[in-house]
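Architecture and fold: a report
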Amino acid sequence: MPLYTRRRRPPPTINIVPLIDVLVVLIFFFMMVMRVQDTQSLDITPPKMDTAGQADPAQRFIVAIDKTGQYSVNNTPITAAQLTAALKSAADKQGTGLNVLIYADQDTPLKDVTFVMDESRKLKLDKIRLQTR
């Protein structure tokens, strides 16, 4: 009878439960901090600007302009005359403290952006911002 018996070690295993827990927490974190854009259905790439500020989200009128110069308000394409009417209506409802947020593509012609700025200033809406990345 042997005095010493040799025991076999169990094979090494990898416990993946903690790894799955960490991955779920990371996915949840990234979903919570992800920035949601207002105009996701439009094909617009705003220009990059390093010194951009924040607009007041409570009172803002968003005008989107795509590469071809097509205007959109609330993801609804409109003409230049309809844009002027919509700006006037918003100015009458919310007053001159309304922020006009221009969400233009980086390849949008300057004349389309300046048209929106000019029409806003005609209605005494002087708080005009450009959306950037």
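The rules we used
- Residues numbered from 1 in each chain as written.
- Predicted model: local features only at pLDDT ≥ 70, side-chain atom pairs only at ≥ 80, totals over all residues.
- Heavy atoms only, no water.
- Helix = DSSP H or I, 4+ residues; strand = E, 2+ residues; numbered from the N terminus.
- Expected span 1.5 Å × (residues − 1).
- Buried < 20%, exposed > 50% of the residue type's maximum accessible area, 1.4 Å probe, protein only.
- Arc of directions from axis to C-beta.
- Contact = heavy atoms within 4.5 Å.
- Core = buried A, V, L, I, M, F, W, Y, C linked by side-chain atoms within 4.5 Å.
- Phe/Tyr/Trp six-rings, centres within 6.5 Å; stacked < 30°, edge-to-face > 60°.
- pLDDT = per-residue confidence, 0-100.
- Pairing = 2+ DSSP bridges.
- Axes fitted to C-alpha atoms, helices over the stretch in contact; angles between N-to-C directions.

This brings us to helix 2 (residues 80-94). Structural remark: α-helix, 3.6 residues per turn; residues separated by three or four positions point the same way. With 15 residues, helix 2 extends 21 Å between its outermost C-alpha atoms, agreeing within 8% with the 21 Å of an ideal straight helix rising 1.5 Å per residue. Residues Leu83, Leu87, Ala90 and Ala91 constitute the buried set of helix 2. Axial view of helix 2: buried residues confined to an arc of 100 degrees, hence all on one face. Projecting away from the buried face of helix 2 at angles above 90 degrees are the exposed residues Ala81, Asp92 and Lys93. The inward-facing, buried residues of helix 2 abut strand 1 (60-65), strand 2 (71-73), strand 3 (76-78), strand 4 (99-104) and helix 3 (110-122). Immediately beyond the C-terminal end of helix 2, within one or two residues, lies Gly95, with a positive phi of roughly 85 degrees.

If you look at the biggest cluster of nonpolar residues, it comprises 18 residues, and the most contacted ones within it are Phe61, Ile65, Leu83, Ile102 and Val116. If you list the elements that add at least two residues to this core, you get strand 1, strand 2, helix 2, strand 4 and helix 3. Counting residues per element, this core draws most heavily on helix 2, which supplies four residues.

Inspection of the entire model under this criterion finds two aromatic pairs. On the numbers, 5.5 Å between centres and 65 degrees between planes, the contact of Phe29 with Phe30 is edge-to-face. For Phe30, a relative accessible area of 51% puts it in the exposed group. Taking the centre distance of 5.8 Å and the plane angle of 40 degrees together, the rings of Tyr71 and Phe115 count as tilted. One end of the pair, Tyr71, is in strand 2; the other, Phe115, is in helix 3, and 44 residues separate them in sequence. Of the residues examined, Phe115 reaches a relative accessible area of 24% and is grouped as partly exposed.

Here Thr84 shows up in helix 2. Residue classification places Thr84 among the partly exposed positions, given a relative accessible area of 25%. With 35 residues separating them in the primary sequence, Thr84 and Glu119 have C-alpha atoms 6.5 Å apart.

Before going further, it helps to examine the confidence of the model for the chain. Put simply, the chain has an average pLDDT of 80, and 78% of its residues get 70 or more. Here strand 5 (residues 127-130) stands out as the element of the chain with the lowest mean pLDDT, 81, in contrast to helix 1 (residues 17-33), whose mean of 90 is the highest.

Spatial strand order, 3-2-1-4-5: five strands in an open sheet with mixed pairing. The strands lining the two open edges of the sheet, one partner per strand, are strand 3 and strand 5. The sheet shows a mean angle of 30 degrees between the axes of neighbouring strands, direction not considered. Here helix 2 sits on the sheet in contact with strand 1, strand 2, strand 3 and strand 4, set at roughly 170 degrees to strand 1.

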